[in-house]
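# Structural features, examined
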Amino acid sequence: MTATFSGEMDLSSPLHRLANVAVLRARTLRHGVDMTQLSRVGDSTWSLAEAQPDQHTQPIMLYWLAFPTALVDDFKMSPSRRSTAPIHRS
């Protein structure tokens, strides 16, 4: 798990309700990954390495402090919206 924002999350924000949800909860993970160590929505850094199939590749990390503060909530919510949206097939 990574460090969380300290007091920066708006308690009325939808992100507050999702703060402890694992980012990779709906993804296929490498064998042996400790689910308790996955990055959470409220973390300031997300490790996506646990979902990368090849351990020898450079790990993908998202450092939210590098993004404009005004956009972070929308960017973080985007994957949540996709993963919970119903899939319509023709």
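Cut-offs and rules
- Residues numbered from 1 in each chain as written.
- Predicted model: local features only at pLDDT ≥ 70, side-chain atom pairs only at ≥ 80, totals over all residues.
- Heavy atoms only, no water.
- Helix = DSSP H or I, 4+ residues; strand = E, 2+ residues; numbered from the N terminus.
- Buried < 20%, exposed > 50% of the residue type's maximum accessible area, 1.4 Å probe, protein only.
- Contact = heavy atoms within 4.5 Å.
- Core = buried A, V, L, I, M, F, W, Y, C linked by side-chain atoms within 4.5 Å.
- Phe/Tyr/Trp six-rings, centres within 6.5 Å; stacked < 30°, edge-to-face > 60°.
- pLDDT = per-residue confidence, 0-100.
- Lys, Arg positive; Asp, Glu negative; His and termini not counted.
- Salt bridge = Lys/Arg side-chain N within 4 Å of Asp/Glu carboxyl O.
- Polar contact = N/O pair within 3.5 Å; in protein donor to acceptor, adjacent residues only side chain to side chain.

Take the overall build of the protein next. When its secondary structure is counted, the protein shows 2 helices and 2 strands. Reading the secondary structure of the protein in the N-to-C direction produces α-β-β-α. In the protein, which comprises 90 residues, the share counted as buried stands at 28%. Long-range pairs, those at least 24 residues apart, make up 41% of the contacts in the protein between residues at least 6 apart in sequence.

Of all hydrophobic cores here, the largest spans 7 residues; its members are Leu15, Val23, Val41, Trp46, Trp64, Val72 and Met77. Ignoring sequence-local partners within four residues, the contact set of Val23 consists of Ser39, Arg40, Val41, Trp46 and Leu48.

The next thing to look at is the environment of Thr28. Mapped onto the elements of the fold, Thr28 is located in the loop between helix 1 (14–18) and strand 1 (45–47). Judged by its relative accessible area of 70%, Thr28 is exposed. Spatially, the C-alpha atoms of Thr28 and Glu50 are 8.7 Å apart, while their sequence positions differ by 22 residues.

Take Tyr63: it is sitting in strand 2 (residues 61–63). Beyond its immediate chain neighbours, meaning those up to four positions away, Tyr63 contacts Ser44 and Thr45.

Tallied over the full model, the rule gives 3 aromatic pairs. Taking the centre distance of 4.9 Å and the plane angle of 80° together, the rings of Trp46 and Trp64 count as edge-to-face. One end of the pair, Trp46, is in strand 1; the other, Trp64, is in the loop between strand 2 and helix 2 (69–84), and 18 residues separate them in sequence. Accessibility classification places Trp46 together with Trp64 in one group, the buried group. Among the aromatic residues, those joined into a ring-pair cluster are Trp46, Trp64, Phe67 and Phe75.

Okay, the confidence of the model for the protein next. Confidence in the prediction of the protein, expressed as mean pLDDT, is 80, and 72% of residues score 70 or more. Confidence, read as mean pLDDT per element, is least for helix 2 in the protein (75) and greatest for strand 1 (95). Scored below 50 in pLDDT, residues 1–7 makes 20 contacts in the model with residues more than four places away or belonging to other chains. Low pLDDT, under 50, characterises residues 82–90; the predicted model gives this stretch 2 contacts beyond four residues in sequence or across chains.

Turning next to the side chain of Lys76. With respect to the helices and strands, the residue Lys76 is situated in helix 2. It turns out Lys76 is buried and unbridged, and the closest side chain with the opposite charge, Asp73, is 6.4 Å from it. Of note is the side chain of Lys76, whose polar atom sits 2.9 Å from the backbone oxygen of Val41.

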